[in-house]
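Notes for the structure review
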Amino acid sequence: MTGYLVLGCVLIAGVVLFSAAMVMRRLLAPRAVVPAGLTTYESGVDPVGSGWAQVNVRYLSFAFLYVIFAVDAVYLFPWALVLRDHHLGRTTLIEVAVFVAIVLVGLVHAGRRGLLTWEDDA
């Protein structure tokens, strides 16, 4: 029963801290609306030109490749660290083989679409 008591106390403390932060923000935040406060800016730099910009779809393919390699690293490195454990059996090996196969399917797909080649736009 003490586990539920601790969980309840943590939840209550979280709600109290969140509520206190929101009340303090409401009390301390400036409310005066000035024209400078209504303009958009990026990292403190005033906007120049129109707000519309054309984005190359190639960035989506970079994101796709990043996800493939990041997920690969996130799951394979911890698995490699516990590889010496003798309790890991065939099931673990099959699971990792399925994971690597899924990553390879993603890489083959990227290769077929030409995402793994580098082309200069110049």
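Residues numbered from 1 in each chain as written. Predicted model: local features only at pLDDT ≥ 70, side-chain atom pairs only at ≥ 80, totals over all residues. Heavy atoms only, no water.

Note the cut-off: UniProt positions are given in the numbering used here, feature names are shortened, and annotations may be inferred rather than shown by experiment.
Looking at an unreviewed UniProt entry, the protein carries the name NADH-quinone oxidoreductase subunit, with the source organism given as Branchiibius cervicis. The record held by UniProt for the protein lists under Function (unreviewed entry) the comment "NDH-1 shuttles electrons from NADH, via FMN and iron-sulfur (Fe-S) centers, to quinones in the respiratory chain."

**Observations concerning the overall build of the protein**
Quick reminder of the rule: Strands here mean DSSP runs of E at least two residues long; helices mean DSSP runs of H or I at least four residues long; both are numbered from the N terminus. Each residue is placed in one exposure class: buried if its accessible area under a 1.4 Å probe, protein chains only, is under 20% of its type's maximum, exposed if it is over 50%, and partly exposed if it falls in between. For the area figures, the Shrake-Rupley method with a 1.4 Å probe applies, and any residue is considered shielded solely by the protein chains shown.
A tally of helices and strands in the protein yields four helices and zero strands. Residues classed as buried in the protein amount to 7% of the 122 residues present. For the protein, the accessible area works out to roughly 11,300 Å², and carbon and sulfur atoms hold 70% of it.

**Considerations on a nonpolar patch on the surface**
Our working definition: Think of a patch as exposed residues, more than 30% relative accessible area, with no salt bridge, where like charges cluster within 9 Å and nonpolar side chains (Val, Leu, Ile, Met, Phe, Trp, Tyr) cluster within 5 Å. Whenever a carboxyl oxygen of Asp or Glu lies within 4 Å of a side-chain nitrogen of Lys or Arg, that contact is scored as a salt bridge.
A cluster of nonpolar residues, Tyr66, Val67, Val71, Val74 and Tyr75, forms a patch on the protein surface that exposes about 530 Å² of accessible area. Locating Tyr75 in the fold gives a position in helix α3 (residues 58–81).

**Looking at the UniProt feature "transmembrane region" (unreviewed entry) in the protein**
Under the present numbering, the feature "transmembrane region" (unreviewed entry) in UniProt falls on residues 59–81 and 93–111. Helix and strand shares over residues 59–81 are 100% and 0% respectively, and the end C-alpha atoms of the span are 33 Å apart. Structurally, residues 93–111 comprises 100% helix and 0% strand, and the distance from its first C-alpha atom to its last is 26 Å.

**Focus on the confidence of the model for the protein**
The test is simple: pLDDT expresses, on a scale from 0 to 100, how confident the predictor is about each individual residue.
Per-residue pLDDT for the protein averages 81, and the proportion of residues at 70 or more is 89%. Here helix α2 (residues 35–38) stands out as the element of the protein with the lowest mean pLDDT, 75, in contrast to helix α1 (residues 2–28), whose mean of 94 is the highest.

**Description of the packing of α3 against helix α4 (residues 90–112)**
Spelled out, the test is: To define axes, lines are fitted to C-alpha atoms, for helices over the stretch in contact only, and angles between the resulting N-to-C directions are given on a 0 to 180 degree scale. In these notes the angle categories are as follows: under 35 degrees is roughly parallel, over 145 is roughly antiparallel, 65 to 115 is roughly perpendicular, and the rest is oblique. Crossing handedness is defined as follows: a turn of the near helix away from the far one that is anticlockwise and smaller than a right angle gives a left-handed crossing, while the clockwise case is right-handed. Two residues form a contact once any of their heavy atoms are found within 4.5 Å.
Where α3 meets α4, the axes come as close as 10 Å, and the angle between the chain directions of the two elements is 165°. As far as their axial angle goes, α4 and α3 are roughly antiparallel. Along this stretch, α3 crosses α4, giving a crossing that reads as left-handed. When α3 is examined against α4, the residues Phe64, Leu65, Ile68, Phe69, Val71, Asp72, Tyr75, Leu76 and Trp79 are found in contact with a partner set consisting of Thr92, Val96, Phe99, Val100, Val103, Gly106, Leu107, His109 and Ala110.

**Some thoughts on the packing of aromatic side chains**
The criterion, for reference: Side-chain rings of Phe, Tyr and Trp, where Trp is taken by its six-membered ring, are said to pair if the distance between their centres is within 6.5 Å; with planes under 30 degrees apart they count as stacked, over 60 as edge-to-face, and otherwise as tilted.
Applying the stated criterion across every chain, the model contains one aromatic pair. Aromatic pair Tyr75 and Phe99: ring centres 5.5 Å apart, planes at 65°, arrangement edge-to-face. Pair noted here: Tyr75 is in helix α3 and Phe99 is in helix α4, with a separation of 24 residues, a long-range link. Tyr75 sits in the exposed class, given a relative accessible area of 53%.

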